[in-house]
Amino acid sequence: MSHEIRTPVNSIVGFINLLKTTQLDEQKRTYFLEIIEKSSLRLLNTISNIIDISKIETKQVTILKREFDLVETIKECEILFKESALSKGISLRINYPNNHLIINTDKTKLESIIHNLLINAIKFTDSGEVLLELHKDPDKIYIIVKDTGIGIDEELIDKLFDRFYQVETGYTKKYEGTGLGLSIVKEYLNMLNGKISVKSKKGEGSTFIVEIPNIEITKNPKTEISRTNKNKKTNEFTQTKTILIAEDDESSYLYLFNLLAKEKIKIKRAVNGKEAVDICVKENIDLVLMDIKMPIKNGIEATQEIHKHKPHLPIIMQTAFAYPEDKEKALSAGCVEYVTKPIPAEFILEVLWKWLKK
Ligand code: ADP
């Protein structure tokens, strides 16, 4: 565990230092920045796994069901993981039914299950492809992640779902990881009344088959922002809009400021919830990006108060907590969307266009 935290931090700190102190050509600079980005994502994945397993251990996990389109989720997975597969020289293919598959279950947990399986499939495959498939029969929905990677000895398969178990150990270990991903997958599937099975042979790739009850709903889902449906934007349109960023953390604010400044949006800032309320009441604001954790008044209280004066002002909650309960709190306080830090640039812009246009 210590190794999985120290290694990426070592790269992040080391390469930032090199960027600061060395004259580098453009190619080297880009390469170093890519290493920093990859190491940060690796660190985030490790920390997320540690938080997830701690919550499972202390029985703090709750199931929060909602309706969503599983086909859309599969398409989003392709977008999220395509790059990391391509950068290893392998392809990521997806195969899904042509129509929608709307189900009512815990979306965040199901996404975490699929993400963990894809992360492994890509990590343990050095050539060939990873295939993500979605099938259904009248009773069951199947999500299958198949790879052409290193495979697993048949007699070790039962151990894979034990906490911290990894086939490779010690100083010869080639692949990164904490040994927690599959135990989280198994725990979440138990909570969703599902199960997982594995078919694998050393040297011949692996197939992980997730099974959940067929809980299909035959009506249209409540609309959700889709990462696969791009909202078109134009600078002429955004130039007339003003966004309030309510954010006490300086670097989080600077990230959003620089992202939005490129789009020529007017930006105001509040450093606490009270200031956010005052600005919204007194000035013409088109949209608020609200941090949930702020001094004096938190994001939830500020949202409720703003809506007393401006009931139709769209407020998007952003948080670094990523607890499903927070999402429900934010939505019931009147926020139109909820986004989790780190917020991918493309995603935040799409969410903004969607609500600024309304
Ligand atoms: P991690 O991947 O972080 O080590 P996991 O709990 O996700 O932890 O997986 C446990 C172990 O199972 C891995 O270390 C690896 O040895 C094995 N494993 C998981 N998925 C695959 C796969 N697709 N191909 C080969 N081995 C795998």
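The coordinates are above.
What counts as what
- Residues numbered from 1 in each chain as written.
- Predicted model: local features only at pLDDT ≥ 70, side-chain atom pairs only at ≥ 80, totals over all residues.
- Heavy atoms only, no water.
- Pairing = 2+ DSSP bridges.
- Helix = DSSP H or I, 4+ residues; strand = E, 2+ residues; numbered from the N terminus.
- Axes fitted to C-alpha atoms, helices over the stretch in contact; angles between N-to-C directions.
- Contact = heavy atoms within 4.5 Å.
- Near = heavy atom within 4 Å.
- Polar contact = N/O pair within 3.5 Å; in protein donor to acceptor, adjacent residues only side chain to side chain.
- Areas by Shrake-Rupley, 256 points an atom, 1.4 Å probe, with all protein chains shown as cover.
- Nonpolar A, V, L, I, M, F, W, Y, C, P; charged D, E, K, R; others polar.

**Section: the sheet that holds strand 12 (residues 337-340)**
Consideration 1: Strand order across the open sheet formed by five strands is 9-8-10-11-12, with parallel pairing between neighbours. Of all the strands in the sheet, just strand 9 (266-270) and strand 12 have a single pairing partner and so form its edges. Between one strand axis and the next, the sheet turns through 20° on average, direction left out of account.
Consideration 2: Note: strand 8 (residues 242-246) against strand 9, five bridges, orientation parallel. Counterpart to Ala246 in the pairing with strand 9 is Ala270.
Consideration 3: Sheet strands in contact with helix 8 (residues 273-282) are strand 8, strand 9 and strand 10 (287-291), and its direction is about 140° off that of strand 9.

**A closer look at the site of the ligand**
Consideration 1: As a structural note, the neighbourhood of the ligand is formed by 20 residues, with Asn120, Lys123, Gln166, Thr178 and Leu182 the closest of them.
Consideration 2: Backbone polar atom of Leu182 to an oxygen atom of the ligand: 2.8 Å apart, as the coordinates give it.
Consideration 3: Surface burial for the ligand is 96%, taken as the share of its 530 Å² of free accessible area covered by protein chains.
Consideration 4: Mapped onto the shell around the ligand, the elements with two or more residues apiece are helix 4 (107-123), helix 5 (181-191) and strand 7 (206-213).
Consideration 5: The element contributing the most residues to the shell around the ligand is helix 4, with three residues.
Consideration 6: Counted by class, the shell around the ligand contains ten nonpolar, eight polar and two charged residues.

**Points about the sheet that holds strand 7**
Consideration 1: Spatially, 2-4-5-7-6 is the arrangement adopted by the five strands of the open sheet, whose pairing is mixed. Whereas interior strands pair on both sides, the edge strands pair on one side only; in this sheet they are strand 2 (91-95) and strand 6 (195-200). Each strand of the sheet is rotated relative to its neighbour by a mean of 15°, with strand direction disregarded.
Consideration 2: With seven bridges joining them, strand 4 (residues 129-136) and strand 5 (residues 140-147) adopt antiparallel strand pairing. Of the residues in strand 5, the one forming a bridge with Leu132 is Val145.
Consideration 3: This element, helix 3 (residues 70-86), spans strand 2, strand 4 and strand 5 of the sheet and lies at about 175° to strand 2.
Consideration 4: Against the sheet, helix 5 touches strand 6 and strand 7, its axis set at about 20° to strand 7.

Treat this as a map of the structure, not an account of what it does.
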